[in-house]
Amino acid sequence: MPADAKVEARTARPSSPPSSQPAALAPSAPLTERQEARRRRILHASAQLASRGGFDAVQMREVAESSQVALGTLYRYFPSKIHLLVATMQDQLEHMHGTLRKKPPSGETAAQRVAETLMRAFRALQREPHLADAMVRALTFADRSVSPEVDQVSRQTTAIILDAMGLDERGQDRPTPEQLSAVRVIEHTWHSALITWLSGRASIAQVKIDIETVCRLIDLTNPTDPSDEG
């Protein structure tokens, strides 16, 4: 990471939560219906604020006010602004995944379907550039304390790619280790493409070329798939 980005990452750390806040919710504990509704309001408020003003517009106190929860309650769900924005990214990807399932990609090969899927997801983020920038910056700034949220973003991205490939890690059509390796490289390239586009260092056309190029790894790791043979 460049030196100026490291400085920005340090200064972007949110202030510590109120010392009188209740104990944080256990990450693995299932939420009640009321807690889930509260969490949805928080994520919605975060996305709305980020859409209007980007990373700097997402202030924990304003998120609490917009979602109609106490500030201490907000910190129980999300210990910091970085946690919140990374969770917001996971939520946005989950919504995209649902949309993509309703209208699956039409490519003939797995590589074509994945490239189409990722470009559709990319264009969805392109329509909300401030929100995309806020989420990607949070993902870049995330330290080890945000690992659970970052892992959820990665798992959601992986699920989107595997769906386009016609595979499922938990089902009968499980990917091979080689296919999972290709998926990880594709995922890294997609996130990198987001960063370069957001920073103005890559055009949409270049992003499309990069995504299509890296997706060819899928065919290399699955050369005997009957549906992908010419």
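Please refer to the structure higher up on the page.
Residue positions are given per chain, counted from 1 along the sequence in the order it is written. Totals for whole chains, interfaces and linings use every residue, but because this is a predicted model, local features are given only for residues with pLDDT of at least 70 and side-chain atom pairs only at 80 or more, for both listing and counting. Note that the side-chain values use all heavy atoms of the structure and ignore hydrogens as well as water.

Trainee: Hey, could you run me through the overall build of the protein in this one?
Mentor: From N to C terminus, the protein includes ten helices and zero strands. Burial classes: relative accessible area under 20% of the type maximum marks a residue as buried, over 50% as exposed, and values in between as partly exposed (1.4 Å probe, protein chains only). Here the protein holds 230 residues, and the buried ones make up 43% of them. In the structure as shown, the protein presents an accessible area of about 12600 Å², 50% of it carried by carbon and sulfur atoms. A run of DSSP states H or I qualifies as a helix once it reaches four residues; a run of E qualifies as a strand once it reaches two. Both are numbered from the N-terminal end. Using a 1.4 Å probe, accessible areas were evaluated by the Shrake-Rupley method; residue-level cover was limited to the displayed protein chains.

Trainee: Is there a simple way to think about the nonpolar core in this case?
Mentor: Definition of nonpolar core: a set of buried residues of the types Ala, Val, Leu, Ile, Met, Phe, Trp, Tyr and Cys, connected through side-chain atoms within 4.5 Å. Core analysis: the biggest nonpolar cluster contains 62 residues, and Leu74, Val114, Met165, Trp190 and Cys215 have the highest contact counts within it. If we ignore the near neighbours within four places in the chain, the residues touching Leu74 are Ile42, Met60, Val63, Ala64 and Val69. Two residues form a contact once any of their heavy atoms are found within 4.5 Å.

Trainee: So what exactly am I meant to see when it comes to unusual backbone geometry here?
Mentor: A negative phi holds for most residues other than glycine; trans holds for most peptide bonds. Its identity as a non-glycine residue notwithstanding, Gln68 has a phi of 60 degrees, on the positive side. Within the secondary structure layout, Gln68 lies in the loop between helix H3 (60-67) and helix H4 (71-77).

Trainee: In this structure, what is going on with the packing of aromatic side chains? I would like to understand it.
Mentor: Aromatic ring pairs are defined here through the distance separating the ring centres and the angle between the ring planes. Only Phe, Tyr and Trp rings take part, Trp by its six-membered ring, and two of them pair if their centres are within 6.5 Å. Stacked means planes under 30 degrees apart, edge-to-face means over 60, and tilted covers everything else. Summed over all chains, the structure comprises two aromatic pairs. With a centroid separation of 5.6 Å and 90 degrees between ring planes, the pair formed by Phe55 and Phe141 is classed as edge-to-face. On the criterion of sequence distance, the pair formed by Phe55 in the loop between helix H2 (33-53) and H3 and Phe141 in helix H7 (residues 129-141) is long-range, its members being 86 residues apart. Exposure class is identical for Phe55 and Phe141. Each is buried.

Trainee: Teacher, can you tell me more about the pattern of salt bridges here?
Mentor: For side chains of opposite charge, pairing can occur when their charged atoms come near one another. One speaks of a salt bridge when a side-chain nitrogen belonging to Lys or Arg is within 4 Å of a carboxyl oxygen belonging to Asp or Glu. Tallying each qualifying case throughout the model produces five salt bridges. Ionic pairing is found between Arg120 and Glu116, a salt bridge with its closest N-O pair at 3.9 Å. Taken as a pair, Arg120 and Glu116 lie in helix H6 (residues 110-126) at a separation of four residues, close to a single helical turn. Overall, Arg120 belongs to the partly exposed group, its relative accessible area being 23%. Using a relative accessible area of 26% as the deciding quantity, one classes Glu116 as partly exposed. The partner of Arg137 in a salt bridge is Asp133, and the shortest N-O contact between them spans 3.8 Å.

Trainee: Quick question: what am I supposed to make of the environment of Gln206 here?
Mentor: Along the chain, Gln206 turns up in helix H10 (residues 204-221). Judged by its relative accessible area of 34%, Gln206 is partly exposed. Considering only alpha carbons, one finds Gln206 and Ala193, 13 residues apart in sequence, at a separation of 8.9 Å.

Trainee: Can you walk me through helix H5 (residues 81-102) in this structure?
Mentor: Side chains three or four residues apart in an α-helix point the same way, a direct result of the helix having 3.6 residues per turn. Multiplying 1.5 Å by the helix residue count minus one yields the expected span of that helix. Compared with an ideal rise of 1.5 Å per residue, which puts 22 residues at 32 Å, H5 spans 32 Å between its outermost C-alpha atoms and is within 8% of the ideal. Of the residues flanking the start of H5, the one acting as N-cap is Ser80, its side-chain oxygen 3.3 Å from the backbone nitrogen of Ile82. Residues adjacent in sequence count toward polar contacts only when both atoms are side-chain atoms; beyond that, a polar contact is any pair of N or O atoms within 3.5 Å, and within protein one must be able to donate a hydrogen and the other to accept it.

Trainee: I tried to follow the packing of helix H8 (residues 147-165) against helix H9 (residues 177-198) on my own but got confused; where do I start?
Mentor: How two helices pack is summed up by the angle between their axes together with the distance between the axes. It is at 10 Å that the axes of H8 and H9 come closest, and there the two elements cross at 115 degrees. Remark: the crossing between H8 and H9 carries right-handed chirality. The segment H8 lies against H9, with Val153, Ser154, Thr157, Thr158, Ile161, Leu162 and Met165 engaging Gln179, Val183, Ile186, Glu187, Trp190 and His191. Gly counts as polar in this scheme, as do all residues outside two lists: the nonpolar Ala, Val, Leu, Ile, Met, Phe, Trp, Tyr, Cys and Pro, and the charged Asp, Glu, Lys and Arg. A per-class count over the contact of H8 with H9 returns seven nonpolar, five polar and one charged. Axes here mean lines fitted to C-alpha atoms, for a helix over just the part in contact, with angles spanning 0 to 180 degrees between N-to-C directions. Helix crossings fall into two classes, left-handed where the near helix is turned counterclockwise from the far one by less than a right angle and right-handed where it is turned clockwise.

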